[in-house]
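# What the coordinates show
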Amino acid sequence: MIDRLVILGAVGDLATRHLLAALAYLLSHGGLPSTIRVLGVGREPLTSQNYRDLAALRLAEHAPSVESLDRTALVGRLDYLQADLEQRPDLRAALGAGPVIAYLALPPSVYTPAVQALEDGGIAPGSRIVVEKPFGENVASARELSRLLHTVVDEQDVFRVDHFLYHQVVQDLLALRFANSIFEPLWDREHLQCVEVTWEETGGVAGRADYYDRIGALKDMVQSHLLQILALVAMEVPVALDERCLRGAKVAALRRVHALSPSEVAIRTVRGRYTTGQVQGRALPGYLQEIGVDPSRDTETYACVQLNVDTPRWRGVPFLLRTGKALGQPRRRIALHFRAQRLGLLPGAPAVLCLNMAPDRVTLELRVTGPGGLPGVEPVQLEVMRPRQLMPASAQLLRDVLAGNPTLTVRDDEAEECWRIIDSVLGGWRTGVPNLQDYPAGSVGPKLPGAPW
Ligand code: NDP
C-alpha cells in the first residue's frame, strides 16, 4: 500500500500550480486515500511550515473552487525537505521503507541525478515514478532515460505523462469510435480523405523563451501531444481499453508511420517563425525580439508535418499535424474530413467530424436543405454540449497514478516511436530544408503547399 507521494521540484510551477490543486480536488471528492502524506523536495531553504504556508497561498489562487476546509486538510498533510538533487542528497529517511510515488516535477536536465538519488535512497520495490515530457531529445536519449528508470522501477510503474491524453475530447475519440456503431465503420481510407490535428495559439512565447528556444514547436507539441492523437485515431481496434491493449494498439500504429526521407521533408513539412504583428488588436513583438532567444538556433514557432500511416486502413490518407504560436485565431482541433458524396445529385462540401480542444466541444458538420429548398444545401453543425463539469485533467492523472493505472500514459516503446518519426523530420531540417519561413504575428501562419486545410 502506497502512503507517500514525494514531489521532486516541489516549489516549481507544475507542483504549486497544478499538482497541489489536483491533490486538493481529489481530497475534496474522496479520491485521495486518507493515509497518503505528501513530501515536497526542493532546493529552496524552507521548513515544512514554510512550505505549508506557500501551498495554502497557491491553493487559494489555483484551487478556489475546492472548499477551504479541504484545502486546509491537504495543507496539513504536507512536509518539506530541502535537497539539491544534483548533490547526491541522502533521501533514505524521505523515502522510508515502503513503496512511494515519486513525481519528477523537475527540469529534464535533473532527471538523471534525481533517479540516481532515488536509487541511492533505496526506493522500495513497487514504487512508481511519474515523468513529465520531454522524454529524451531523440530515440537514443529516450531509450537511455527508460534504461535509467528501469534501474529503479519496472516499466509498468513508470508514468510518462502526456497531459493531452487527459483532454476530454481526446478521450472522446475513444468514446466516439467504440461506444457508437456510427463512426467505426467509416474510420478508414474509403470514407475519410484527411485527418487534421491542429493546435494553434494566439499567444507568443513571452516569459518562456529560455525554455522554448531550446525546444521549438516540433519537439514541444508534435513529438508528444499531436503524435499521441494521431496514434489514437490511426490505431486498429484494441482487444480491450486497458493499458496493455490500448498502448499496444497505439504503438503498432506509430510503427506504421512512414519516417520521412530528406526529399519528403522538403515537401511535406513547413517550419515558420513569427515576426512582429497584431494579434486580435494587440501588438506582439517578433520571436527574435523576445529576451532569451538565440537567433543562431533558428528555432521554429510553427511546424506542420504531413504523415502517412502505412496500413490497409489508412494507406494514402494524409495525417496533417500542425501547431504554432502568435497566430490570428486559436484553433485547437482534431478534424476528420470525410470524402465527398460520390452520387453527384447535390452540391456541397464533405462532412467533417470535429473534436475541439479548449474549449472542449464535439461537432459534426453536415449538409441540409438550403433556405430556398433543394437543390440548394447549407452546412449545419450538430454540437455536443457538456452537461457537467468534468474532473480536471491533472486530477484524473493523479487518480490514475494513485490507482497504479498507466493506460493514459506513454510507454517506453511509444516514446521511442514518436522520436523515430520526429528524428526523420529533424534530419531534413538540419540541412536547412525547407526554409524557415517568417510569418507576421496575427496571421494564419505558413501553409503546407497543396494542403487544403
Ligand atoms: P519550474 O522550473 O517551475 O520548476 C522546477 C523545479 O525543480 C524548481 O522548483 C526547481 O528549483 C527544481 N529543481 C531544479 N533543479 C533542482 C535540483 N537540482 N534539486 C532540486 N530541485 C531542483 O518548472 P515546471 O514546474 O514548469 O516544470 C517541471 C517539469 O514539468 C518540466 O519537465 C516541464 O517540462 C513539465 N511540465 C510543466 C508544466 C507546467 O505547466 N509548468 C506543464 C507540463 C509539463 P529552483 O527553483 O531552485 O530552481
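The text that follows walks through the structure, step by step, so that each part is easy to find. (Residues numbered from 1 in each chain as written. Predicted model: local features only at pLDDT ≥ 70, side-chain atom pairs only at ≥ 80, totals over all residues. Heavy atoms only, no water.)

For the rest of this paragraph, the subject is the site of the ligand. Taken together, 21 residues lie near the ligand, and D13, L14, R43, D84 and L85 sit nearest. Here G12 contributes a backbone N or O atom positioned 3.1 Å from an oxygen atom of the ligand. In this structure, an oxygen atom belonging to the ligand sits 3.3 Å away from a side-chain N or O atom of Y111. Considering the ligand on its own, with 890 Å² of exposed area, one finds that the protein chains cover 74% of that surface. (Near = heavy atom within 4 Å. Polar contact = N/O pair within 3.5 Å; in protein donor to acceptor, adjacent residues only side chain to side chain. Areas by Shrake-Rupley, 256 points an atom, 1.4 Å probe, with all protein chains shown as cover.)

Okay, the packing of aromatic side chains next. Summed over all chains, the structure comprises 7 aromatic pairs. Ring centres of Y274 and Y287 lie 5.9 Å apart, and the angle between their planes is 70°; on these two criteria the pair is classed as edge-to-face. Taken together, the residues span a long stretch of sequence, with Y274 in strand 8 (residues 269-275) and Y287 in the loop between strand 10 (282-284) and strand 11 (302-308) at a distance of 13 residues. Residue class for Y274 comes out buried when judged on its relative accessible area of 2%. Judged by its relative accessible area of 1%, Y287 falls in the buried class. Ring centres 5.3 Å apart and planes at 80° place the aromatic pair W314 and F319 in the edge-to-face group. On the basis of relative accessibility, which here comes to 0%, the residue F319 falls in the buried class. An aromatic cluster is built from Y212, Y274, Y287, Y302 and Y439, whose rings are joined through pairwise contacts. Between R332 and the ring centre of W199, over which it is positioned, the NZ or CZ distance is 4.8 Å. (Phe/Tyr/Trp six-rings, centres within 6.5 Å; stacked < 30°, edge-to-face > 60°. Helix = DSSP H or I, 4+ residues; strand = E, 2+ residues; numbered from the N terminus. Buried < 20%, exposed > 50% of the residue type's maximum accessible area, 1.4 Å probe, protein only. Lys NZ or Arg CZ within 6 Å of the ring centre and 35° of its normal.)

The next point concerns the packing of helix 9 (residues 243-255) against helix 12 (residues 412-430). Relative orientation of the contacting elements helix 9 and helix 12 amounts to 20°, with a least axis distance of 9 Å. With respect to their mutual orientation, helix 9 and helix 12 come out roughly parallel. Crossing hand, helix 9 versus helix 12: left-handed. Contact residues: R247, K250, V251, L254 and R255 in helix 9; D413, E414, E417, C418, R420 and I421 in helix 12. (Axes fitted to C-alpha atoms, helices over the stretch in contact; angles between N-to-C directions. Parallel < 35°, antiparallel > 145°, perpendicular 65-115°, else oblique. Left-handed = near helix turned anticlockwise from the far one by under 90°. Contact = heavy atoms within 4.5 Å.)

Time to look at helix 7 (residues 168-179). Taken together, the buried positions of helix 7 are occupied by Q168, V169, V170, D172, L173, L174, L176 and R177. Buried-residue contacts for helix 7 involve helix 8 (209-234), helix 9, strand 13 (331-338), strand 14 (352-356), strand 15 (361-369) and helix 11 (393-403).

This brings us to the sheet that holds strand 11. Sheet architecture is open: 9 strands sit in the order 16-15-14-13-7-12-11-8-17, paired in mixed fashion. The strands lining the two open edges of the sheet, one partner per strand, are strand 16 (377-384) and strand 17 (436-440). With strand direction ignored, the average angle separating the axes of adjacent strands in the sheet is 20°. Helix-sheet contacts for helix 7 involve strand 13, strand 14 and strand 15, and the interaxial angle to strand 14 is about 140°. Across the sheet, helix 12 touches strand 8 and strand 11, and the angle it forms with strand 8 is around 65°. (Pairing = 2+ DSSP bridges.)

Before going further, it helps to examine the sheet that holds strand 3 (residues 78-82). Read across the sheet, 6 strands follow the order 3-2-1-4-5-6 without closing on themselves; strand pairing throughout is parallel. Strand pairing shows two members of the sheet lacking a second neighbour, strand 3 and strand 6 (158-161), which therefore form its edges. The average undirected angle you get between the axes of adjacent strands in this sheet is 20°. In the sheet, strand 1 (residues 4-8) pairs with strand 4 (residues 101-104) via 4 bridges, with the strands oriented parallel. Considered in strand 4, the bridge of V6 is made with A102. Where helix 2 (residues 48-62) meets the sheet, its contacts fall on strand 2 (37-42) and strand 3, and the angle it forms with strand 3 comes to roughly 120°.

Going through the model one piece at a time under the given rule, you end up with 31 salt bridges. A salt bridge links E144 to R147, with the nearest nitrogen and oxygen atoms 2.8 Å apart. Remark: R147 and E144 occur in helix 6 (residues 139-150); sequence separation between them is 3 residues, near one turn of the helix. Taking relative accessible area as the criterion, E144 reaches 40% and is therefore assigned partly exposed. (Salt bridge = Lys/Arg side-chain N within 4 Å of Asp/Glu carboxyl O.)

To continue, consider the nonpolar core. In this structure, Y103, L230, V233, W314 and L353 are the most contacted members of the largest nonpolar core, which totals 147 residues. Ranked by the residues each element gives to this core, the list is headed by helix 8, at 14 residues. Taken together, domain 1 (4-132) and domain 2 (165-387 + 409-440) each give at least three residues to this core, which thus spans both. When near neighbours in sequence (up to four residues on either side) are disregarded, Y103 contacts L5, V6, I7, L8, L14, L19, V130, E132, V161, L397 and L398. (Core = buried A, V, L, I, M, F, W, Y, C linked by side-chain atoms within 4.5 Å. Domains from an automatic or database assignment.)

A few words now on the environment of T369. Summarising the element assignment, T369 is placed in strand 15. By relative accessible area, which is 43% here, T369 ends up partly exposed. Along the sequence, T369 and V380 sit 11 residues apart, while their C-alpha atoms lie 9.7 Å from each other. Once you skip the residues sitting within four places of it in the chain, T369 turns out to touch L374, G376, V377 and E378.

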